[in-house]
Amino acid sequence: MLEIVNVLPESTAARLGLKPGDAVVSINGEEIHDVIDFRFFAADEQLSLAVQKKNGSIIKLRVSKGPDDNLGLEFTPLRIKRCKNKCIFCFVDQMPPGCRKTLYVKDDDVSASFLHGNFITLGALSESDWERIFRLRLSPLYISVHTTDPGLRASMLRNYKAPDILESLNRLAAGGIKMHTQVVLCPGVNDDERLKQTIADLAGLFPAVCSIAVVPVGITKFRKGLFPLRTFTRQEARAVLDCIEPLARMSKRRFGTRLVFASDEFYIKANEQIPPASLYEDFPQIENGVGLVAAFMRGVSRTRLPATVPPVRATVITGVSFSKILSNVLKRLRRIKGAAVQQITVKNRFFGPSVTVTGLLTGGDILYALRGKLLGDLVLIPSSALKEDEDVFLDDMSIEELERHLKTKVFRVDGFGDLVSVLRGRRRGKQ
């Protein structure tokens, strides 16, 4: 039974008279336990619903709908299955106090992987979970592999009961489940020849394995008592790219896809040119920091600049790793009459100087860097630094709170085209 928390106005459910507090008991005779059950069984165009009303009575409803109609129902959040691993590189273990509560949750939940793209290790699956994956066709899934060497993987996860990852991936592949995989790379641990073997093993599972992302371990200043790890040097980052590139070219010849992609951080660290957007194909792991810069640059090339805008002075915020790239891009805005744009690069005081990506800047970091400076009429914040569905930073500071401190209008911007739209005044007065 799945409780309804919201009914969208003018939706099918609203027309049926469903209300928050009611609960979906079954669809076409199948019991509904969570939102995945609902999405799977509600995909049919002819539905027989059993609904428990708030007063406890059960009603039966027959519904004819279109294939994309989800009835307009919203439900209680999933109960997330917690991670049993104690990974040597776990970012949650390096989190200081004062962040959003959800950031301290270590999840290893197949439902969250299917619905939200969360990476899982497959170590928390029961046999009933496996059966449900195949019965409900939970595909694609996002899998944290790190290495295909069973002993090395167990030591990296610090879970010596962890199942053999290749056996698990083969089982998913045999069941027709597609997978996007990631390797969190730790220097001196799972790189070099071990990385090559991991990529080769995963490529052997194509087309079930749709993509492989290689991302560097994230290191904050809060690692006291944790496994000794460090960031990649420039030379090591270049070595990673030199390892990946021939394997990607080989995959392109064999499969028609590069399959394996290095995160943007490796290119920036190695001081290598970011590849064009076409190399990233359909950007299968852009949320994992793979192709973000290329997508941004594609937006730059596709954005027509106005000749003039109403007079505006703007400050654009970025993290250290993107600073040089953004600086070159913002030079284009000097062509626009009426626009005066400055860039401020914000160092990460919250997590420490080794964390350089814009997406991990906090409201406090930005406030510290901007306070006392001449900011102009508005401040532009990249959307990567904010929660996906809310204007809140990692430290729980909101855009509104930042505005109050800075006494300047703050806008969230998603890409270069959006930035230009704000300068043109199309979003002035709106958040």
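What you see is a predicted model, and the numbers here were worked out from it, not measured in a lab. (Residues numbered from 1 in each chain as written. Predicted model: local features only at pLDDT ≥ 70, side-chain atom pairs only at ≥ 80, totals over all residues. Heavy atoms only, no water.)

Caption draft 1: Here's a closer look at the sheet that holds strand 9 (residues 209-216). Strand order in the open sheet formed by 4 strands is 7-8-9-10, with parallel pairing between adjacent strands. Looking at which strands have only one partner, the edges of the open sheet turn out to be strand 7 (141-144) and strand 10 (260-262). Here the average twist between neighbouring strands, direction ignored, is 20 degrees. Pairing geometry for strand 7 and strand 8 (residues 179-185), over 4 bridges, is parallel. (Pairing = 2+ DSSP bridges. Helix = DSSP H or I, 4+ residues; strand = E, 2+ residues; numbered from the N terminus. Axes fitted to C-alpha atoms, helices over the stretch in contact; angles between N-to-C directions.)

Caption draft 2: Region of interest: the packing of aromatic side chains. As enumerated under the stated definition, the model contains 12 aromatic pairs in all. Between Phe-232 and Phe-266, the ring centres sit 5.2 Å apart and the planes meet at 75 degrees, which makes this aromatic pair edge-to-face. On the criterion of sequence distance, the pair formed by Phe-232 in the loop between strand 9 and helix 8 (234-255) and Phe-266 in helix 9 (residues 264-269) is long-range, its members being 34 residues apart. Accessibility classification places Phe-232 together with Phe-266 in one group, the buried group. Counting every residue linked through ring pairs, the aromatic cluster contains Phe-91, Phe-350 and Phe-351. Taking the ring centre of Tyr-368 as reference, the NZ or CZ of Arg-349 above it sits at 3.7 Å. (Phe/Tyr/Trp six-rings, centres within 6.5 Å; stacked < 30°, edge-to-face > 60°. Buried < 20%, exposed > 50% of the residue type's maximum accessible area, 1.4 Å probe, protein only. Lys NZ or Arg CZ within 6 Å of the ring centre and 35° of its normal.)

Caption draft 3: How the structure looks around the packing of helix 12 (residues 363-370) against helix 13 (residues 399-406). At a minimum axis distance of 11 Å, the contact between helix 12 and helix 13 shows a crossing angle of 15 degrees. In this view, helix 12 runs roughly parallel relative to helix 13, as classed from their interaxial angle. Crossing angle aside, the handedness with which helix 12 passes helix 13 is right-handed. Packed against helix 12, whose contacting residues are Gly-363, Ile-366, Leu-367 and Leu-370, the element helix 13 presents Leu-402, His-405 and Leu-406 at the interface. (Parallel < 35°, antiparallel > 145°, perpendicular 65-115°, else oblique. Left-handed = near helix turned anticlockwise from the far one by under 90°. Contact = heavy atoms within 4.5 Å.)

Caption draft 4: Molecular detail of helix 4 (residues 127-135). Residues of helix 4 that are buried include every one of Asp-129, Trp-130, Arg-132 and Ile-133, and no others. Summarising the axial view, the buried residues of helix 4 lie within an arc of 165 degrees, below the 170-degree limit, and thus occupy one face. Taken together, the buried residues of helix 4 touch helix 2 (35-41), helix 3 (110-116), strand 7 and helix 6 (165-174). Trailing helix 4 by a residue or two, Arg-137 shows a phi angle of about 55 degrees, which is positive. (Arc of directions from axis to C-beta.)

Caption draft 5: Spotlight on helix 10 (residues 292-302). The complete set of buried residues in helix 10 reads Val-293, Ala-294, Phe-296 and Val-300. Across the axial projection of helix 10, the buried residues extend over an arc of 160 degrees, all falling on one side. Where the residues of helix 10 are buried, they touch helix 9, helix 11 (323-330) and helix 14 (416-424).

Caption draft 6: Representation of unusual backbone geometry within the structure. Here the bond from Ser-139 into Pro-140 is cis, since omega is 5 degrees, no more than 30 degrees from zero. In this structure, Pro-140 sits in the loop between helix 4 and strand 7. Residue Phe-206 is joined to Pro-207 through a cis peptide bond whose omega torsion reads 10 degrees. Following the sequence through the fold, Pro-207 ends up in the loop between helix 7 (193-203) and strand 9. Not every positive phi belongs to a glycine, and Asn-28 is a case in point at roughly 50 degrees. With respect to the element layout, Asn-28 can be found in the loop between strand 2 (23-27) and strand 3 (30-31). Residue classification places Asn-28 among the partly exposed positions, given a relative accessible area of 36%. Look at Leu-122: it is not a glycine, yet its phi comes out positive at around 70 degrees.

Caption draft 7: A look at the sheet that holds strand 13 (residues 378-382). Here 4 strands make up an open sheet; going across it, the order is 12-11-13-14 and the pairing parallel. Two strands lie at the open edges of the sheet, namely strand 12 (337-346) and strand 14 (409-413), each paired on one side alone. Ignoring strand direction, the axes of neighbouring strands in this sheet form an average angle of 30 degrees. Pairing analysis gives 9 bridges linking strand 11 (residues 308-319) to strand 12, with the strands arranged parallel. The residue of strand 12 that forms the bridge with Ala-314 is Val-341. The sheet contacts of helix 12 involve strand 11, strand 12 and strand 13, and relative to strand 12 the element is tilted by about 115 degrees. Against the sheet, helix 14 engages strand 11, strand 12, strand 13 and strand 14, with an angle of about 140 degrees to strand 11.

Caption draft 8: Summary view of the nonpolar core. Phe-38, Leu-73 and Ile-143 are the most contacted members of the largest nonpolar core, which has 109 residues in total. Ignoring anything within four residues of it in the chain, the contact list for Ile-143 reads Phe-119, Ile-120, Leu-122, Ile-165, Leu-169, Leu-172, Met-179, His-180, Thr-181 and Gln-182. Listed in part, the 19 residues of the second largest apolar core include Val-346, Leu-361, Ala-385 and Phe-393. (Core = buried A, V, L, I, M, F, W, Y, C linked by side-chain atoms within 4.5 Å.)

Caption draft 9: Representation of the pairing of strand 11 in the model. Taking the sense of rotation as the criterion, the β-α-β connection linking strand 11, helix 11 and strand 12 turns out right-handed. As defined by bridge partners, strand 11 adjoins strand 13 across 3 bridges and the pair is classed as parallel. Within strand 13, the position partnered with Ala-314 by the bridge is Leu-378. (Right-handed = clockwise from strand over helix to strand, strands pointing away.)

Caption draft 10: Main features of the pattern of salt bridges. Tallying each qualifying case throughout the model produces 15 salt bridges. Its salt-bridge partner being Asp-191, residue Arg-194 comes within 3.4 Å of it at the nearest N-O pair. Taking relative accessible area as the criterion, Arg-194 reaches 34% and is therefore assigned partly exposed. The salt bridge partner of Asp-391 is Arg-412, with a shortest N-O separation of 2.8 Å. A residue pair is termed long-range when its members are at least 10 positions apart, and Asp-391 in the loop between strand 13 and helix 13 and Arg-412 in strand 14 qualify at 21 residues. Each member of the salt-bridge network shares a partner with another, and the members are Asp-34, Asp-37 and Arg-132. (Salt bridge = Lys/Arg side-chain N within 4 Å of Asp/Glu carboxyl O.)

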